[in-house]
Amino acid sequence: MMEKVRIGVVGGYRGRSMAKYAKVAENAELVAICDKNPIALEKQKAVCGEDVAYYTDFEEFIKHDMDAVVLANYATEHAPFAIRCMKAGFHVYSEVLPVQNMKQAVELVEAVEETGKIYAYGENYCYMPGPYEMRRLYREGKIGEFEYGEGEYIHNCEPIWARITYGEPDHWRNNWYANFYCTHSIGPLIHITGLRPVKVTGYESPMVERKLRCGGKSGLFGMEMIELENGGIIKSIHGDLYKNSVWYTIYGGKGRMETAREDADEKGVKRLYVNADEFSGEYPEKDRLEDYYPTRDMDEIANSFGHGNSDFYCMYNFARKIQGYEDADTIDVYEALDMFLPGLFAYFSVLDGGAAKEIPNLRDKAQRDAYRNDTRCTDPKAAGDQLLPCFSKGNPEIPASVYEKIRLKWEKEKDDK
């Protein structure tokens, strides 16, 4: 069994947490970092030291002697980079999101199958304390069979828009559609239940001023109503509503589990409420509410990592998977697409006036052929002649002055650091 997994990281900004893990973990070793921005590399070098190789050129980076690559580059670039890395002989940890369109989805699945390399999807919200405990309890039968659930990921990014888009008109965040960034809300419910989504109806919010003044061309938020293979229903909402919220609830035949609301408890998704009966069919006289903060064995180390310590557990399981531990809990390529495709097909639903859409199961090779050349998405580089508008009623016209204002804000913030 491999003692330490030698890891290279693509992306000096989002990749900081993964580089930190590989630098300090007992089962991993950080060997290389790649970023096109030399400033990002210099910042990483100050933290990670001289014993790590630094690259601005991906072509040179991919020649480095390593076992696995973490992809923390732009969210619209993960699939082609993942395919390239696996075909070059590396295991892959992909940040959110897995693909942009169905053509990429088919190619990604087949690259995993053909190479036999481990693909782990970094949907870190699945590994937050509340949702991860919900998964354990659900798998133990605590609330019975899944019937209904809600996932909510609201992140008002306006205060940080300059820092994450740099005033670039063609930045992916300015050119997504409302249902695109969906796996933080859908993913934990899929990972908890292990059920596959089969049908979706999508909703798109109206365009609002605060979205336009950031330079974003999509609706403010997206919603998905998803039918699972057992008939259960998920309601997913995600986007830039004014107040942040990360919250999950699931109902089963014997009860309910939900995380705390941020307004109710400062630790929010780290707190869990469980209201379940020990049997189904007779409502007990006494309430069976449990209210606690779930803990895990490695929390003392994990708590110094981001996103409610989930960044640690994602990487920990990825490294263990490569080492051959069967109990390593990673999200494979099929489950990753179960988390993403409801958002893509929800937008197809929006564009079709709200008609429900069947979600393909790409585990089934027979279903892939219909989508091999389906490039529909809002990224011109990936969509070609199948380009979709970022907003269902047509892309809004945004003056160049909006992006210039954002760029100047970014320059000031960067210089002030």
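Reading the values: the criteria
Residues numbered from 1 in each chain as written. Predicted model: local features only at pLDDT ≥ 70, side-chain atom pairs only at ≥ 80, totals over all residues. Heavy atoms only, no water. Helix = DSSP H or I, 4+ residues; strand = E, 2+ residues; numbered from the N terminus. Rg over C-alpha atoms; globule rule 2.2 N^0.38 Å. Contact = heavy atoms within 4.5 Å. Lys, Arg positive; Asp, Glu negative; His and termini not counted. Charge placed at Lys NZ, Arg CZ, Asp CG, Glu CD. Axes fitted to C-alpha atoms, helices over the stretch in contact; angles between N-to-C directions. Parallel < 35°, antiparallel > 145°, perpendicular 65-115°, else oblique. Left-handed = near helix turned anticlockwise from the far one by under 90°. Nonpolar A, V, L, I, M, F, W, Y, C, P; charged D, E, K, R; others polar. Core = buried A, V, L, I, M, F, W, Y, C linked by side-chain atoms within 4.5 Å. Buried < 20%, exposed > 50% of the residue type's maximum accessible area, 1.4 Å probe, protein only. Pairing = 2+ DSSP bridges. Arc of directions from axis to C-beta. Polar contact = N/O pair within 3.5 Å; in protein donor to acceptor, adjacent residues only side chain to side chain. Salt bridge = Lys/Arg side-chain N within 4 Å of Asp/Glu carboxyl O. Phe/Tyr/Trp six-rings, centres within 6.5 Å; stacked < 30°, edge-to-face > 60°. Lys NZ or Arg CZ within 6 Å of the ring centre and 35° of its normal.

I tried to follow the overall build of the protein on my own but got confused; where do I start?
When helices and strands are counted, the protein shows 14 helices and 15 strands. The C-alpha atoms of the protein give 21 Å as radius of gyration, which agrees with the globular expectation for 417 residues (22 Å, within 12%). Across its three principal axes, the protein shows a C-alpha extent of roughly 65 × 55 × 50 Å. Summarising the internal contacts of the protein: among those between residues at least 6 apart in sequence, 67% fall at separations of at least 24. Here the protein holds 53 positive side-chain charges and 69 negative ones, and the gap between their average locations is 3 Å.

I would appreciate a short explanation of the packing of helix α4 (residues 78-87) against helix α5 (residues 102-115) in the present structure.
If you want to describe how two helices pack, look at the angle between their axes and the distance between the axes. At a minimum axis separation of 10 Å, α4 and α5 run at an interaxial angle of 15 degrees. Our classification of the angle between α4 and α5 gives roughly parallel. In this structure, the crossing between α4 and α5 has a hand that is left-handed. Here Ala 79, Pro 80, Ala 82, Ile 83, Met 86 and Lys 87 of α4 come into contact with α5, specifically with Gln 104, Glu 107, Leu 108, Ala 111, Val 112, Glu 114 and Thr 115. Looking at the contact of α4 with α5 residue by residue, the classes come out as eight nonpolar, two polar and three charged.

What am I meant to see in the nonpolar core here?
Here is a general trend for soluble globular proteins: nonpolar side chains tend to be buried in one another's company. By size, the foremost hydrophobic cluster in this structure holds 112 residues, and its most contacted members are Ile 7, Phe 61, Tyr 119, Ile 250, Phe 340, Leu 341 and Phe 345. Take this core: its biggest share by element is twelve residues, from helix α12 (residues 333-351). Those residues in contact with Leu 341, other than ones at most four positions away along the chain, are Met 102, Ile 359, Pro 360 and Leu 362.

Explain the sheet that holds strand β3 (residues 53-55) here, please?
In any sheet, the strands associate via hydrogen bonds between backbone groups, in a parallel or an antiparallel arrangement. Strand order in the open sheet made by the six strands is β3-β2-β1-β4-β5-β6, with parallel pairing throughout. Unpaired on one side and paired on the other, β3 and β6 (119-121) mark the two borders of the sheet. Taking the axes of each pair of neighbouring strands and ignoring which way they run, one obtains an average angle of 20 degrees across the sheet. Of the pairings in the sheet, the one linking strand β4 (residues 68-71) to strand β5 (residues 91-94) comprises four bridges and is parallel in character. Counted as the bridge partner of Val 69 is Val 92 from β5. Contacts from helix α11 (residues 310-323) reach β1 (5-10), β4, β5 and β6, with the element oriented near 165 degrees to β5.

What exactly am I supposed to notice about α4 here?
Every α-helix carries 3.6 residues per turn, so stepping three or four residues along brings you back to the same face. For α4, the complete set of buried residues consists of His 78, Ala 79, Ala 82, Ile 83, Cys 85 and Met 86. The buried residues of α4 occupy an angular sector of 165 degrees when the element is viewed end-on, so they sit on one face. Two residues or fewer past α4, Gly 89 is found with a positive phi of approximately 105 degrees.

Any chance you could explain the side chain of Asn 101 here in plain terms?
With respect to the helices and strands, Asn 101 occurs in the loop between β5 and α5. When its relative accessible area of 2% is taken as the criterion, Asn 101 is described as buried. A polar side-chain atom of Asn 101 sits 2.9 Å from the main-chain amide nitrogen of Gln 104. The contact partners of Asn 101, leaving out residues within four places of it in the chain, are Leu 344, Asp 374, Thr 375, Arg 376, Cys 377 and Ala 382.

When you look at the side chain of Asn 179 in this model, what are you seeing that I'm missing?
Its place among the elements puts Asn 179 in the loop between α7 (161-165) and α8 (183-193). Exposure remark for Asn 179: the relative accessible area of 0% places this residue in the buried category. Within the local environment of Asn 179, its side chain forms a polar contact with the backbone oxygen of Tyr 203, the two atoms lying 3.3 Å apart.

Help me out: how do you make sense of the pattern of salt bridges in this one?
Working definition: two side chains of opposite charge can pair if their charged atoms are close together. According to the stated counting rule, one finds 31 salt bridges in the structure shown. Asp 327 is the partner of Arg 320 in a salt bridge, and the nearest nitrogen-oxygen pair spans 2.6 Å. In this structure Arg 320 comes out as buried when scored by relative accessible area, which is 13%. A salt bridge links Asp 369 to Arg 372; the shortest N-O distance between them is 2.7 Å. Among the ionic contacts, a cluster of salt bridges with common partners joins Glu 110, Glu 113, Arg 368, Asp 369 and Arg 372.

Would you explain the packing of aromatic side chains in this entry?
The geometry of an aromatic ring pair is captured by the separation of the ring centres together with the interplanar angle, meaning the angle of the planes. Taken as a whole and judged by the stated rule, the model has 23 aromatic pairs. With 5.3 Å between their ring centres and 70 degrees between their planes, Tyr 21 and Phe 312 make a pair best called edge-to-face. Here Tyr 21, found in helix α1 (residues 16-24), pairs with Phe 312, found in helix α11; they are 291 residues apart in sequence, far enough to count as distant. Joined through ring pairs, the aromatic side chains of Tyr 125, Tyr 153, Trp 172, Trp 176, Tyr 177, Phe 180, Tyr 181, Phe 340 and Tyr 347 make up one cluster. The positively charged end of Arg 296 is found above the aromatic ring belonging to Tyr 313, 3.9 Å away from the centroid.

Any chance you could explain the packing of α8 against α12 here in plain terms?
The N-to-C vectors of α8 and α12 enclose an angle of 135 degrees; their axes lie 9 Å apart at closest approach. Our classification of the angle between α8 and α12 gives oblique. You can see that α8 and α12 cross each other, and the crossing is right-handed. Contact residues: Thr 183, Ile 186, Gly 187, Ile 190 and His 191 in α8; Glu 335, Asp 338, Met 339, Phe 340, Pro 342 and Gly 343 in α12. In terms of residue class, the contact of α8 with α12 is made up of five nonpolar, four polar and two charged.

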